[in-house]
Amino acid sequence: MRASRRDVLLGAAAASVSAVPASAADADGEGLRAIAARRGVAFGIAARADALEKDAAFAAAAAREAAMLVPEGAGKWWALHPAEDVYDFAGLDTIAAFAARHGQAVRGHTLLWHAAMEDWTVAALAEGAARGRSVLEAHFDRVLGHTAAAIRDWDVANEAVADPWNSAELLKDSPWLRSLGPDYLDLAFRLARQKDPALKLTYNDYGCEHDTDFDDEKRRRVLALVRGMRDRGVPIDAVGLQGHMHRDNKFSARKVAEFVRSVRALGLEVLVTELDVIEPETQSDPAARDARSAALVHAFISTVLEAGGSAVLCWGLSDRYSWATDDPPPLLPAENASGPPPGPARPLPLDAELRRKPMWHALARAFEGRPWP
Ligand code: XIL
């Protein structure tokens with residue numbers, strides 16, 4: 001299959017340590033929110049309540065760059081619902097208040113996920129379908145009620161499709177599947193619609209971004225899932241592509257465009273919900289690493305937007321706060337310990353000192369519909 005022009009450029013741009021071309025808007029210091037808005041696209045970031053509260057420089061950057069916030073952790077079960085009779089909205093309320101002060105929307109992440117649950121929830125689900133449904137309903141009732149004014153778009157379910165490398169099934173084995181059966185996603189989306197008819201209901205997943213056998217099959221499965229939901233009349237409004245890009249994995253603009261258009265043809269919106277770049281190694285020159293990451297981000301985001309994507313959120317804003325930099329870089333295997341030491345990851349548009357990286361400019365160019373570099 002002939003590589004598309006963008007795929008070829010991706011390789012060339014990544015190979016060159018490109019001088020960072022300023023985007024037209026960069027000169028004004030405008031943030032990505034303004035640049036994206038001119039394209040009719042909402043740009044946002046995953047936010048941590050403590051960073052917004054305690055790091056004034058970061059908070060200013062978040063206000064300048066993002067038109068939308070999504071709680072990185074504050075909207076998950078173990079944060080919101082630490083015990084069956086205990087709810088904790090402190091983190092979510094802090095993020096919602098910050099967003100209100102800065103004219104930002106908030107999207108919710110995530111009502112139902114097999115991870116991020118306290119033991120009490122897993123134990124309750126194991127008691128059977130009646131108990132599982134009552135736990136689900138109580139959570140949806142309380143959370144959707146509390147957040148109705150601030151959050152109008154939720155990831156109703158996250159990462160429910162099985163990974164092709166370890167399952168031939170459509171759905172991932174999980175406490176939810178075991179408790180409620182294969183219709184649990186239909187139930188969750190119907191409950192959400194019933195609790196709040198005007199809410200945008202999103203299905204969110206990873207592994208649909210690259211030109212690999214895994215991603216080919218994952219795209220097929222996600223499409224089958226949402227097509228089946230539509231065929232059964234299950235309320236769903238959008239699909240979220242997480243967008244955790246793998247810096248050195250192959251990318252096919254044709255395959256991603258075809259997938260986005262197929263989802264759009266079902267009448268669903270397509271969002272990029274957790275964009276960042278995961279690096280297989282962090283020993284090489286940061287400038288060269290940044291160039292590869294920027295070229296990949298530009299190719300992916302340009303492709304999604306041209307195929308009809310409507311929003312782009314990064315999984316953070318600065319390398320200062322990222323799940324990829326929370327832990328120290330992995331130790332080098334003994335065989336290449338003589339190489340340069342692994343440096344910190346560089347997954348996001350701003351570096352740890354809040355300076356714009358090539359990825360920031362690549363996003364600006366993608367929003368402007370301009371080529372890269
Ligand atoms: C991650 C957070 O960023 C981490 O801080 C946390 O320790 C684990 O979860 N896909 C998702 C997100 O949908 O909720 C995950 O967030 C990253 C992968």
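For the structure, see preceding data.
Residues numbered from 1 in each chain as written. Predicted model: local features only at pLDDT ≥ 70, side-chain atom pairs only at ≥ 80, totals over all residues. Heavy atoms only, no water.

Participant: Please explain the overall build of the protein chain as it appears in this structure.
Facilitator: The helix and strand tally for the protein chain stands at 15 helices and nine strands. In terms of overall dimensions, the protein chain is globule-like: its C-alpha atoms have a radius of gyration of 20 Å, near the 21 Å expected for 373 residues. Taken over the C-alpha atoms alone, the protein chain extends approximately 60 × 50 × 50 Å along its principal axes. When each of the 373 residues of the protein chain is scored for burial, the buried share is 55%. Of all intrachain contacts in the protein chain linking residues separated by at least 6 positions in sequence, the fraction that spans at least 24 positions is 80%. Carbon and sulfur atoms make up 54% of the accessible area of the protein chain, which totals about 14900 Å². Side-chain charges in the protein chain split into 44 positive and 53 negative, and the spacing between the mean points of these groups amounts to 6 Å. (Helix = DSSP H or I, 4+ residues; strand = E, 2+ residues; numbered from the N terminus. Rg over C-alpha atoms; globule rule 2.2 N^0.38 Å. Buried < 20%, exposed > 50% of the residue type's maximum accessible area, 1.4 Å probe, protein only. Contact = heavy atoms within 4.5 Å. Areas by Shrake-Rupley, 256 points an atom, 1.4 Å probe, with all protein chains shown as cover. Lys, Arg positive; Asp, Glu negative; His and termini not counted. Charge placed at Lys NZ, Arg CZ, Asp CG, Glu CD.)

Participant: So what exactly am I meant to see when it comes to the pattern of salt bridges here?
Facilitator: Charged atoms that come close allow side chains of opposite charge to pair. If you walk through the whole model with that rule in mind, you get 37 salt bridges. As a salt-bridge pair, arginine 48 and aspartate 326 come within 2.8 Å of each other at their nearest N and O atoms. With a gap of 278 residues between them, arginine 48 in the loop between strand S1 (42-47) and helix H3 (49-54) and aspartate 326 in helix H14 (residues 323-326) connect regions that are remote in the sequence. Accessibility expressed as a relative area gives 43% for aspartate 326, which makes it partly exposed. One salt bridge connects glutamate 217 with arginine 220, and the closest N-O pair in it is separated by 2.7 Å. Of the two residues, glutamate 217 and arginine 220 both sit in helix H11 (residues 213-231), three residues apart, roughly one turn of that helix. In this structure arginine 220 comes out as partly exposed when scored by relative accessible area, which is 49%. Three or more residues joined by partner-sharing salt bridges are found here, namely Arg247, Asp248, Glu279, Glu281, Arg289 and Arg292. (Salt bridge = Lys/Arg side-chain N within 4 Å of Asp/Glu carboxyl O.)

Participant: Just to check I follow, could you spell out H11 for this structure?
Facilitator: Residue pairs three or four apart in sequence face the same way in an α-helix, which turns once every 3.6 residues. Taking 1.5 Å of rise per residue, the 19 residues of H11 would be expected to cover 27 Å, and the 27 Å separating its terminal C-alpha atoms lies within 8% of that figure. Listed in full, the buried residues belonging to H11 are Phe214, Asp215, Lys218, Arg219, Arg221, Val222, Leu223, Leu225, Val226, Gly228 and Met229. Looking at the buried positions of H11, the neighbouring elements they touch are helix H10 (184-195), strand S5 (200-205), strand S6 (238-241) and helix H12 (253-265). Looking one or two places after H11, you find glycine 233, whose phi comes out positive at around 75°. (Expected span 1.5 Å × (residues − 1).)

Participant: Is there a simple way to think about the nonpolar core in this case?
Facilitator: Most often, soluble globular proteins keep nonpolar side chains buried together rather than apart. Membership of the largest hydrophobic core comes to 102 residues, with the highest contact counts inside it found for Leu275, Phe300, Ile301 and Phe367. Leave out the neighbours within four places in its chain, and isoleucine 301 touches Val272, Leu275, Val312, Leu363, Ala366 and Phe367. Listed in part, the five residues of the second largest apolar core include Ala46, Met68, Val70 and Trp315. (Core = buried A, V, L, I, M, F, W, Y, C linked by side-chain atoms within 4.5 Å.)

Participant: Would you mind going over the side chain of glutamate 209 with me for this structure?
Facilitator: Among the secondary structure elements, glutamate 209 is positioned in the loop between S5 and H11. Buried charge without a salt bridge: glutamate 209, with arginine 219 as the nearest opposite-charge side chain at an N-O distance of 6.6 Å. At a separation of 2.8 Å, a polar atom in the side chain of glutamate 209 contacts the main-chain amide nitrogen of glycine 243. Ignoring any residue separated from it by four or fewer positions in sequence, one finds glutamate 209 in contact with Asp215, Arg219, Leu241, Gln242, Gly243, His244, Met245, Phe251, Val256 and Phe300. (Polar contact = N/O pair within 3.5 Å; in protein donor to acceptor, adjacent residues only side chain to side chain.)

Participant: I'm lost on the packing of aromatic side chains in this one. Help?
Facilitator: Two measures describe an aromatic ring pair: the distance that separates the ring centres and the angle between the ring planes. Scanning all chains against the criterion turns up seven aromatic pairs. Ring centres 4.7 Å apart and planes at 45° place the aromatic pair tryptophan 165 and phenylalanine 214 in the tilted group. Taken as a pair, tryptophan 165 in the loop between strand S4 (151-158) and helix H9 (175-180) and phenylalanine 214 in helix H11 lie far apart in primary sequence, 49 residues in all. Both rings, one in phenylalanine 251 and one in phenylalanine 300, keep their centres 6.3 Å apart while their planes meet at 90°; by these two values the pair is edge-to-face. Placement of phenylalanine 251 in the loop between strand S7 (244-246) and H12 and of phenylalanine 300 in helix H13 (residues 286-306) is noted, with a sequence separation of 49 residues between them. Given the relative accessible area of 0%, phenylalanine 300 is considered buried. One aromatic cluster in this structure is built from Trp77, Trp120 and Trp176. One Lys or Arg, lysine 218, reaches over the ring of tyrosine 206 and ends 3.6 Å from the middle of that ring. (Phe/Tyr/Trp six-rings, centres within 6.5 Å; stacked < 30°, edge-to-face > 60°. Lys NZ or Arg CZ within 6 Å of the ring centre and 35° of its normal.)

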